[in-house]
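What the coordinates show
The lines below spell out each chain.
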Amino acid sequence: MAPERDGREGRDGRERVGGRADARERAATGATATTRPRTRLDQPMPPRRRLVPEWDPEAFGRLSERIARFLGTGRFIVWMTVVIILWVVWNIFAPRDLRWDNYPFIFLTLMLSLQASYAAPLILLAQNRQDDRDRVNLEQDRKQNERSIADTEYLAREIASLRVGLGEVATRDWIRSELQDLIKEMEEHRRDGQVVFPTVPADRPRGRDVEDR
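What counts, and at which threshold
- Residues numbered from 1 in each chain as written.
- Predicted model: local features only at pLDDT ≥ 70, side-chain atom pairs only at ≥ 80, totals over all residues.
- Heavy atoms only, no water.
- Helix = DSSP H or I, 4+ residues; strand = E, 2+ residues; numbered from the N terminus.
- Buried < 20%, exposed > 50% of the residue type's maximum accessible area, 1.4 Å probe, protein only.
- Lys, Arg positive; Asp, Glu negative; His and termini not counted.
- Salt bridge = Lys/Arg side-chain N within 4 Å of Asp/Glu carboxyl O.
- Polar contact = N/O pair within 3.5 Å; in protein donor to acceptor, adjacent residues only side chain to side chain.
- Contact = heavy atoms within 4.5 Å.

The topology assignment puts Asp-101 in the loop between helix H3 (74-93) and helix H4 (106-168). The buried charged residue Asp-101 lacks any salt bridge, with Arg-99 as its nearest oppositely charged partner at 11 Å. In this structure the side chain of Asp-101 is engaged in a polar contact, spanning 3.0 Å, whose partner is the side chain of Trp-87. Dropping the residues within four chain positions of it, Asp-101 is found in contact with Trp-87, Asn-91, Ile-106, Phe-107 and Leu-108.

Written out as structure tokens, the structure reads:
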């Protein structure tokens with residue numbers, strides 16, 4: 001009896017330990033399930049904060065094209081020349097207290113360098129946008145040319161098939177020539193006395209042809 005009791009006690013102890021472990025796991029699972037945030041798939045995610053400022057690429061591209069278009073005109077060159085001349089003349093002949101950029105005009109050089117450093121990327125951006133538009137236009141032209149070539153080939157095949165079909169159709173001249181040959185044969189047979197056929201005029205008046213047409 002002792003071995004059976006020991007076996008029962010051992011099984012009871014294992015069952016108790018197993019039950020406690022299952023209860024702990026269920027408790028842990030329930031706790032994590034309640035504390036874990038659930039993501040809703042039917043709702044949009046909140047926007048993320050970005051340190052880099054955002055801008056509209058299309059609006060910025062249009063602005064760059066306007067600036068590049070203005071930089072490539074004679075008006076910009078004239079205004080820039082007038083500003084530089086006034087700058088130099090003022091800083092040479094104005095009173096010393098009112099001058100802000102004495103010779104060798106370092107501030108003017110800095111401003112021109114700054115202008116060039118901003119103008120070059122703007123011009124490149126405008127050129128890239130123009131290249132993109134040209135690429136799209138070329139692609140559309142290529143597709144249009146392909147469609148035109150396909151239509152031309154289709155029409156050429158249709159015309160060729162019509163010519164072949166017309167070549168197999170019996171024309172009026174061919175029927176007339178066959179009838180004339182048949183009339184000649186019948187006349188020859190009548191002269192020989194074999195078969196008598198009613199005479200059919202070989203030549204038809206031209207007015208009838210005109211009416212048939």
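For the structure on display, the rule yields five salt bridges. The partner of Arg-133 in a salt bridge is Glu-65, with the nearest N and O atoms 2.9 Å apart. Note that Arg-133 is positioned in helix H4 and Glu-65 in helix H2 (residues 57-71), a separation of 68 residues in sequence. The partly exposed category is assigned to Arg-133, whose relative accessible area is 34%. Owing to a relative accessible area of 11%, Glu-65 belongs among the buried residues under this scheme. Taking the shortest distance from any N to any O, the salt bridge between Arg-142 and Glu-146 comes out at 2.6 Å. Of the two residues, Arg-142 and Glu-146 are both situated in helix H4; the distance of four residues between them amounts to about one turn of the helix. Taking the relative accessible area as the measure of exposure, Glu-146 reaches 44% and is therefore partly exposed. One salt-bridge network, in which partners are shared between bridges, spans Glu-65, Arg-129 and Arg-133.

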